[in-house]
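Listed here are the chains, written in short residue letters.
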Amino acid sequence: MKGKNFPSNTEIERLKKIEKVADEVIEKIGNPVSPLQVSAVIESLGYRHADCPTEFGKKNIFELSKDVYKICKLKVRRGKAKKGKTKQLGFLHSFWIFIRYFSGGIALGLPIASQIAFIAFTGYSLWAWIKFTELQATIVALGTILSFIVTGGFTQVIGREVTYYLSIGNKITARAIAFKLFNYGFATSIAFGFLLFILNLVFEIFPKKFLLIALVYYFLLSILWLSTSLIYSAKRKLAVFTILSIGTLVVIWLHKFNSLNIHIAHIIGLTTSDVLMTLWARFIFRLKKGEKKITYVSLKVKRRSVLAYVNSPFFKFGLYYFLLLFLDRLISWSAPSKGKFYLFWFRTPYELGVDWALLSFGLMLAMLEYTVNDFSEKLIPTQKKFPAFEIKSHNAWYLNFYLVKFSLLVIFGLASIIAVYLIVMKLGEVYQHIKEVREFFSSPITFKVFYLASISYLFLAIGLLNNLFFFTLWKPEFGLKAIRSALLVDLVVGLISSRLISWEYGVLGFTLGSLVFAITTTWYMLKFLKTIDYQYYSAF
Amino acid sequence: MGKRPAVLFETEGTYPFVGGGVSTWADILVNNLPEFDFYIYAITGLPYVEFKYKLPKNVKLVRQIPLWGSEEPFEDIFFEVPFSSIYMRKTKVNERAVLRKFIPIFIEFLSSLMDPFSNPEDTAGYIWLMHRYFSEYDYKETFRSFTLWQEFKRFVILKYIEDNQFLHEDEMPSVYDLTLAMRWLYHYLMPLYVDVPEVDLSHATAAGFCGIPSVVAKMRDGTPLIVTDHGVFARERYIGIGSEKSLSFFAKKFLINLSILVSKMLYKLADKVLPVCRFNTVWERIFGVEEEKIKVIYNGVDPEVFKPKPKPQKNQGIPTVVAAARIMPLKDIETMIKSCAIVREEIPNVKFIVYGSLDVDPLYTRKCQLLIKQLKLEDNFILAGHHPNPSEIYNEGDISVLSSISEGFPYTVIESMACARPVVATDVGGVREALEGFGIIVRPRDPKALAEGIIKLLTDHELRETLGRRAREEVLAKYRINSTIEEYKKSYFEAIQKLKVDEREELSVKY
């Protein structure tokens, strides 16, 4: 036909070669961003500028890349490039996530659950005995509560700092900071104990012997919580359960089979657990031969001022959390009542009611473990799923996610409370021939406290659920504001009700305090979710 | 006698914390220029690094700038500064301050980033203004500002869509892309936070993020700036970022644009650009470097340290190929291993010994070990790890090999040449400039071609001897370390003198 130029064989060959280069470029980098990028990639594939005129009919690679770029773009638009589609997570995967993390949460509660089981079946735990007199129980309770409160902040910070360094593969700094924080906690425990001792000498709140025994329990339990937090942060949950059980068995063997004084038996059992826990922590964080020689340029551990600055919100939260957990007992047991001898006096029916309620709380915590891990796993896939101009939809997705988890927690929490109630009642029926079991159910205070404490723990779980989201995205200030308000309400309501109604109504402070915690954190959470794109971005 | 001239020496992922060719070059430079005081600003990935080199007395300061892994950047950069003064900077940051003082500059910077034709001098201005802001306000708290995030989102989405008509589905940014992009800005612009000393000269060892303090020094004091290109930073970013399968189109484009922006800015402000080979000059010109600024200074070796010696007894009678290369993808050890399998068919008792760290990329090392096992090369291919005396590596073999897919002007080639051991190497970077006529050059990623070159040299004794001898002569003529040092010294003094002349001229015009 007139005027029509058909490409020659050489030109066709060259076009095929150019297309082959385009395929190689797509194989290496996918959709190219510019011809200059294509030039760089072509060079790295081994093509040379000198070969371009003969092989491709182009002056050099830069000229060649203009054509290659166009071809790549055409192929990509025709769908020939690989698409990076986000994996859709099916139902089975979601179910697996639930099983995996829920059972992980159960495992977290295993140590405490085992102590409850020990006391139920043997009458002994590592720091308690079913046949304690109220005086003995008061001594131990005081020591136990103080140990939780004083070390609460440190255990929170240890978990945070050590987990962070281990997650980036820096065992050396993780080890250094773990032991440094342990030492700070240890020193603080001693200092606080000493202060109490001096105050008691001056004001004579408790008899000297009483306080000394309480301080021994306090001190040994403080070491236990601190060393346990080291092991938890290295994710060795089973070791904690094992070591606590060994200590408990020592107590049983010494007291039941060797007739040693119960407090001496506890002291030896606790010391055994402390030593084993500390040695095991040292073993976990041991350095291999090559690692010992490494000397990093930058500071191994942040300065004290910086450590305090970055961790202060988490430290405070840890402290306030344990205060919230135990404040009702401090208030109720210090209220005037019959049979009370000192400023602070253990009340068996109250404690039984709270411990009964605690069983359902343990199950709720497992639910929280699942929720926070599910949230973490979904963060990036969800962000990838939504285009940048659909941020409102992206944030709305999270609101929906949260409401589902919130509802699940409430339903599960209520179900746990009911289940725990029914199971314990049934066990009471079955074992009513045992004196201690009859005594468990003898006081209406136990039931009153159980009802209020159960619902309080549910509110607390809701607050913790919200707080986990805040902590996951490095925004502790929301949870901190909420728990401060909760503590204030707990204190005021607890004091008023325990003094004006009856001593056991200190638990009402806990109920309303945890309700405030739940409501405040939920309100913050709903606002938080509206800007969750920002919250995730700024989580550094 | 006057004070010694001070040099701000900027490195990125190299000296003095990581080994390799660039670090070797830097170590040679600082040790052999005792007439200068060096202030080293070293960008690293993570904060936890060790010194790999003993520092001479003229290194007055090493400031490490970790881009990642710091919970509080100031703690790893300014650990000598009292926390109270850092705390003051933190308390000053609020949404209003960020909106009024930072965002206007930041948006202009973003605009430059997203415009391939932006003026690099304007970018330098924004860098300077941002640095000034960060001398008063905390870096991390500023980047965590809600207002900043909102403005970033709004601007980037609008500008991206406006500038890119007919976007394909895969080219649309996701929410995650925005998060990534803004976090990259936070990490890569970390050198903005660093106080820059008053120096006589700054020397960036890559046209990359490490050069940001140089820009500050230039804008503040007119400090002369020298850039050395070992590889071309921008080119390597095109390839490296492009190869990241996990990144979306938008994310790659954003990060590449950021890298190119910084490169162009440094090239524009540089008084001298000193690549280590002519190959790099092609790309430098494309990125706008004027011809008169460019001067190639080849790497050099000490021919008294790297000199020919007989093969050790243990390798006598065994055709031996040595390589000095860290086990990492850029060195393409897999192609070397495959070529060994081909060589073994002709020369059954051939031995390949690769000296180089096995810890740089443990996954890749494992991949290579599996390939050796798969090809049953356990007796023929040895990954020998780090050698304490590099000068002895090449004399252990009959020839040496380099299979890299990307290089600047590799020391391993000229060191081997100095030891009169001919090299079979891939045609990347400046290899051809060193080796043409003195070794065998092959295409990258071609085990067959590499094997053919190796077989040729191992079987042709005369050729091997001739090439080896000529290679050493070439090194003595062109690649002596003393010549290299002299060239740098001359460039340093010229740059410093030029500033003084300019200052004098300014003064004379004034008065």
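On a predicted model such as this, the values are computed, not experimentally measured, just so you know.

Next up on the list: the domain arrangement of chain B. Residues and elements named next belong to chain B. Its domain assignment divides chain B into domain 1 (6–293) and domain 2 (313–479). Summarising the inter-unit geometry, the C-alpha centres of domain 1 and domain 2 are found 35 Å apart. Across the boundary between the two partners, domain 1 contributes 15 residues, which contact eight residues of domain 2. Each partner contributes to the roughly 820 Å² buried at the junction of domain 1 and domain 2, and carbon and sulfur atoms together form 55% of this total.

Residues and elements named next belong to chain B. Burial runs high along strand β8 (residues 351–355): four of the five residues are buried. Here strand β7 (residues 320–324) pairs with β8 via five bridges, running parallel. Its bridge partner lying in β8, Thr320 is registered against Lys351. For the crossover that starts at β7, traverses helix α13 (residues 333–346) and ends in the parallel β8, the hand is right-handed. When β8 meets strand β9 (residues 381–385), the two strands line up parallel, connected through four bridges.

This next bit is on the interface of chain A and chain B. Each partner contributes to the interface: chain A provides 64 residues, whereas chain B provides 68 residues. Interface of chain A and chain B: buried area, both sides summed, is about 5,800 Å²; carbon and sulfur atoms make up 59% of it. Summed over the shared surface of chain A and chain B, the number is eight salt bridges. The interface formed by chain A and chain B holds 30 residue pairs in polar contact (both at pLDDT 80 or more) in total. Elements with a minimum of two residues in the side of chain A that touches chain B: α1 (9–29), α2 (35–44), α4 (61–77), α7 (134–167), α13 (304–332), α14 (348–385), α15 (391–430) and α20 (532–537) of chain A. A total of seven residues in the side of chain A that touches chain B trace back to one element, the largest contributor, which is α2 of chain A. Here the side of chain A that touches chain B is built from residues that sort into 32 nonpolar, 15 polar and 17 charged.

Next up on the list: the side chain of Arg472 of chain B. All names here are of chain B. Following the sequence through the fold, Arg472 ends up in helix α18 (residues 461–478). With no salt bridge to any partner, buried Arg472 finds its closest opposite charge in Glu304, at an N-O distance of 4.7 Å. Reaching out from Arg472, the side chain makes a polar contact with the backbone oxygen of Ala418 at a distance of 2.7 Å. Apart from residues no more than four positions distant in its own chain, Arg472 is found in contact with Pro303, Phe306, Lys307, Pro308, Met417, Ala418 and Ala420.

Working definition: the strands of a sheet are paired by backbone hydrogen bonds and lie parallel or antiparallel to each other. Residues and elements named next belong to chain B. Ordered in space as β3-β2-β1-β4-β5-β6, the six strands form an open sheet in which the pairing is parallel. Looking along the sheet, the strands with just one partner apiece sit at the ends: β3 (59–66) and β6 (272–273). Of the pairings in the sheet, the one linking strand β4 (residues 201–204) to strand β5 (residues 225–227) comprises three bridges and is parallel in character. Its bridge partner being in β5, His203 is matched across the sheet by Ile226. In the packing of helix α1 (residues 21–32) onto the sheet, the strands contacted are β1 (6–12), β2 (37–44), β3 and β4, and the crossing angle to β1 comes to about 170°. Along the sheet, helix α9 (residues 212–221) contacts β1, β2, β4 and β5; its crossing angle with β1, the most-contacted strand, is approximately 150°.

The next thing to look at is helix α5 (residues 91–108) of chain A. All names here are of chain A. For α5, built from 18 residues, the straight-helix expectation of 26 Å at 1.5 Å per residue is met to within 8% by its first-to-last C-alpha distance of 26 Å. Buried residues of α5: Ile97, Tyr101, Phe102, Gly104 and Gly105, and no others. Across the axial projection of α5, the buried residues extend over an arc of 155°, all falling on one side. Exposed residues on α5 whose side chains face more than 90 degrees from its buried face are Phe91 and Leu92.

Here we come to the state of the cysteines. Counted under the stated rule, the structure contains zero disulfides over all chains. Cys72 of chain A supplies the cysteine sulfur nearest to Cys52 of chain A, a cysteine that is in no disulfide, at a spacing of 15 Å. A disulfide-free cysteine, Cys277 of chain B has its sulfur positioned 17 Å from the sulfur of Cys210 of chain B, the nearest such atom. The exposure class assigned to Cys277 of chain B is buried, which follows from its relative accessible area of 0%.

Okay, a nonpolar patch on the surface next. Among the surface-exposed residues, Phe192, Phe194, Leu195, Ile198, Leu199, Leu201, Val202, Phe203, Ile205 and Leu343 of chain A lie close enough to one another that they form a single nonpolar patch of about 930 Å² accessible area. In this structure, Val202 of chain A sits in helix α8 (residues 171–203).

Right, let's get into the nonpolar core. Leu460 of chain A together with Phe106, Phe109, Leu110, Phe143, Phe152 and Leu185 of chain B are the most contacted members of the largest nonpolar core, which totals 241 residues. With 17 residues, the single largest contributor to this core is helix α17 (residues 444–472) of chain A. Core analysis: the second largest hydrophobic core is formed by 54 residues, Phe36, Val431, Ile485 and Ala495 of chain B among them.

Rules used throughout
Residues numbered from 1 in each chain as written. Chains lettered and ligands numbered in written order. Predicted model: local features only at pLDDT ≥ 70, side-chain atom pairs only at ≥ 80, totals over all residues. Heavy atoms only, no water. Domains from an automatic or database assignment. Contact = heavy atoms within 4.5 Å. Buried area = accessible area lost by both parts, 1.4 Å probe. Buried < 20%, exposed > 50% of the residue type's maximum accessible area, 1.4 Å probe, protein only. Helix = DSSP H or I, 4+ residues; strand = E, 2+ residues; numbered from the N terminus. Pairing = 2+ DSSP bridges. Right-handed = clockwise from strand over helix to strand, strands pointing away. Salt bridge = Lys/Arg side-chain N within 4 Å of Asp/Glu carboxyl O. Polar contact = N/O pair within 3.5 Å; in protein donor to acceptor, adjacent residues only side chain to side chain. Nonpolar A, V, L, I, M, F, W, Y, C, P; charged D, E, K, R; others polar. Lys, Arg positive; Asp, Glu negative; His and termini not counted. Axes fitted to C-alpha atoms, helices over the stretch in contact; angles between N-to-C directions. Expected span 1.5 Å × (residues − 1). Arc of directions from axis to C-beta. Disulfide = S-S within 2.5 Å. Patch = residues over 30% accessible without salt bridge, like charges linked within 9 Å, V, L, I, M, F, W, Y side chains within 5 Å. Areas by Shrake-Rupley, 256 points an atom, 1.4 Å probe, with all protein chains shown as cover. Core = buried A, V, L, I, M, F, W, Y, C linked by side-chain atoms within 4.5 Å.

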